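What follows is the residue order along each chain.
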Amino acid sequence: MELFFVLFVLFVVGAFLLYSSMFLLSLLDDIWISIFKKPLYIHLYFRPKKITPQEEAILRNYFPFYKKLSEKHKRFFHHRVASFNKKYLFISRDDFQLDTNVQTLIAGTFVMLTFGMRRYLLNSFDKIIIYPEQYLPAHSQEFYKGEFNPRMKAIVFSWKDFMEGYEINNDNLNLGIHEFSHVVHFHSLRNTDGSALTFRKYYEKLVKEVNHPPNRDRLINSNYFRIYAYTNQFEFISVIIEHYFETPQSFKTEFPELFLNVSLMLNQKL
């Protein structure tokens, strides 16, 4: 009886200390976010999830970003890939065959893009729809390669075009990064978590710099960013993020200040 009582007291004290520490951490984080507009910490997982050797091999084969991570951060990456695949629904269309390769590549793309953000499982979408190739959406008379549809909370990809983004990894065209960038941008405009505030803060700074006429003229004349980027601000942000991951050294050399702002916006260092 005495042993049971001692164990019960230890359990209560431990639970209280754990709750208190989590409460204090949350409070400190809130204060930090209100002052610095960024989260106090990024990676904190009490029971990190694991992935299979097959999934890890896919990450090594397709993501130079992943291969450069430390072993600790690779484990964080694994956890996020597993969490992504558990949260979001994958839907195939036109007899497209879903498999581990498809899910890992899509999850890996999103995790890479959001690896500097603490809140990465976003509620702006809940499903990923995959067609074998370009598709004709109900709302358009033109074929699409991909889209983010916030009303349907859906990301849609043509798998043929998605894979071209990884088969040629230095042409600054990556459908997965492009469409997921729209998701992150959309989330940042409607939420106040630390990562959303960080993204919005540097996005607004970036837009001001880009819209300054001399800067804008230099960007256009450089021919580094494809002209599609200048159709609207949503497309511009997605295009520059594609460049950020595909040709970071060229980006940094051509436009060092813009590159720095994108790094701060994503809270990453390439």
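Preceding this section is the structure that the text describes.
So, how was this worked out
Residues numbered from 1 in each chain as written. Predicted model: local features only at pLDDT ≥ 70, side-chain atom pairs only at ≥ 80, totals over all residues. Heavy atoms only, no water. Helix = DSSP H or I, 4+ residues; strand = E, 2+ residues; numbered from the N terminus. Contact = heavy atoms within 4.5 Å. Core = buried A, V, L, I, M, F, W, Y, C linked by side-chain atoms within 4.5 Å. Buried < 20%, exposed > 50% of the residue type's maximum accessible area, 1.4 Å probe, protein only. Pairing = 2+ DSSP bridges. Axes fitted to C-alpha atoms, helices over the stretch in contact; angles between N-to-C directions.

S.K.: How should I be thinking about the overall build of the chain in this particular structure?
M.R.: What the chain contains, in helices and strands, is 12 helices and four strands. Within the chain, residue pairs in contact and separated by at least 24 positions form 69% of the contacts whose partners lie at least 6 positions apart.

S.K.: Any chance you could explain the nonpolar core here in plain terms?
M.R.: Generally speaking, nonpolar side chains in soluble globular proteins are found buried as a group. Core analysis: the biggest nonpolar cluster contains 68 residues, and Ile106 and Phe225 have the highest contact counts within it. Top element by residues in this core is helix 5 (residues 100-113). It accounts for eight residues. Other than its neighbours up to four places away in sequence, isoleucine 106 contacts Phe84, Phe90, Ile128, Ile130, Phe157, Trp159, Phe162 and Phe180. By size, the runner-up hydrophobic cluster in this structure holds six residues, among which are Ile129, Tyr131, Tyr135 and Ala154.

S.K.: Explain the sheet that holds strand 4 (residues 154-158) to me, please; I cannot follow it from the model alone.
M.R.: In any sheet, the strands associate via hydrogen bonds between backbone groups, in a parallel or an antiparallel arrangement. With mixed pairing, the four strands of this open sheet are ordered in space as 1-2-4-3. At either end of the open sheet lies a strand with only one pairing partner, and these are strand 1 (89-92) and strand 3 (146-149). Between one strand axis and the next, the sheet turns through 15 degrees on average, direction left out of account. This element, helix 6 (residues 159-167), spans strand 2 (127-131) and strand 4 of the sheet and lies at about 80 degrees to strand 4.

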